[in-house]
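Working through the structure, step by step
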Amino acid sequence: MIYSKIKRSLYAASVLVLTVTMSNPVIAEADKECDHLLEHSFRSLGGEAPRRLCDSHAGQVILVVNTASQCGYTYQYAALEHLYGEFREQGFVVIGFPSNDFGGQEPGNEQEIESFCRNQYSIQFPMYEKLHAKEALAHPFFKDLAQQAGEFPRWNFHKYLINRDGKVVGSWRSAVEPDAKVITERIKQYL
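Now for a look at the structure at hand. On a predicted model such as this, the values are computed, not experimentally measured, just so you know.

**Concerning the overall build of the chain**
Each helix and strand counted, the chain has seven helices and six strands in total. Its helices and strands taken in sequence order, the chain reads α-α-β-β-α-β-α-β-α-α-β-β-α from the N to the C terminus. The buried share of the chain, taken over its 191 residues, is 43%. Relative to all contacts within the chain whose residues are 6 or more apart in sequence, the contacts with residues 24 or more apart total 64%. Accessible surface, the chain as shown: approximately 10200 Å² in total, 52% of it carbon and sulfur.

Quick look at the structure:
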C-alpha cells in the first residue's frame, strides 16, 4: 500500500515537472539536445548577451562566412544577402563573423561593422561578434568547422555549409562566389 502511494506520488511529480518544462520555452530551449558544433554561444554583432547557435539555428541549413568590410571580396555581401532572401523561408540562414585576421581588413569595432553592413549592403542575415578565424588564432567554433571540413579559412569570405543535423557538408574558399552553382546546388540538396 505504501509502495503504491509512493509510486503514484512519483508519477504525479514527474508529470508536473514535464508539464512545467514543456510549457516554459526558456527551460525547454535550454534542455534542447544540440550537435556539438551548434553548442557555441555568440553575441549578435554589437550585442551584449551571448546565445547558443543551437537556440537560434537548430534544424536550419547554415552558411557560415568569415567577413571583412575592406576586402576585395566584400562585394560578396550582396550575394550572401540574396541567398538568404531566396532560401530563408525554406529553413536556410547565412551567419557572418567579422574577422580582422587576414590583411587587417576588418579593423573597425562592432558598431562600425554593423553600420557598414546595414548601410552599404542592407544586410538582414544574422551577424555575430568579431572573432578570429585564422588557424593559429582560431576561435573554437572555427576550429570545429575546420576539423569537420578539413580546412581553415585562408582569407576573408571563406564559406562553410552546415546541414540540418549540425554537420559540415561543404567548404569553399573566398574566390568561390556565394551564388555559384556549386554552392546553391548544395544548399538546395540539404533544404
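**Concerning unusual backbone geometry**
Despite not being glycine, S122 has its phi angle at roughly 50 degrees, a positive value. Along the chain, S122 falls in the loop between α5 (110-121) and α6 (140-149). Accessibility expressed as a relative area gives 46% for S122, which makes it partly exposed. At F157, a position not held by glycine, the phi torsion is positive, near 65 degrees. As for its position among the elements, F157 is in the loop between α6 and β5 (159-162).

**Points about the layout of surface pockets**
Where empty space is left can be seen by rolling a probe of water-molecule size over the atoms. Estimates place the volume of the largest pocket at around 170 Å³. Considering the residues around the largest pocket, the lining is formed by S44, L45, E114, C117, R118, I123, F125, P126, M127 and Y128. Within the lining of the largest pocket, the residues separate by chemical class into seven nonpolar, one polar and two charged.

**Some thoughts on the sheet that holds strand β3 (residues 61-67)**
If you walk across this open sheet you meet the four strands as β4-β3-β5-β6, and the pairing is mixed. Since the sheet does not close on itself, it has two edges, and those belong to β4 (92-98) and β6 (168-172), each with one partner. Strand-to-strand twist across the sheet, computed as the mean angle between neighbouring axes with direction ignored, equals 20 degrees. In this sheet, β4 lies alongside β3 in parallel orientation, the contact comprising seven bridges. Within β4, the residue paired with V64 across the bridge is I95. Helix-sheet contacts for α6 involve β3, β4, β5 and β6, and the interaxial angle to β5 is about 80 degrees.

Procedures and definitions
Residues numbered from 1 in each chain as written. Predicted model: local features only at pLDDT ≥ 70, side-chain atom pairs only at ≥ 80, totals over all residues. Heavy atoms only, no water. Helix = DSSP H or I, 4+ residues; strand = E, 2+ residues; numbered from the N terminus. Buried < 20%, exposed > 50% of the residue type's maximum accessible area, 1.4 Å probe, protein only. Contact = heavy atoms within 4.5 Å. Areas by Shrake-Rupley, 256 points an atom, 1.4 Å probe, with all protein chains shown as cover. 1 Å grid on protein atoms, 1.4 Å probe; cavity = no way out; pocket = protein on both sides within 12 Å on 5 of 7 lines; lining within 4 Å. Points joined across faces, edges and corners; volume = space filled by probe spheres on them. Nonpolar A, V, L, I, M, F, W, Y, C, P; charged D, E, K, R; others polar. Pairing = 2+ DSSP bridges. Axes fitted to C-alpha atoms, helices over the stretch in contact; angles between N-to-C directions.

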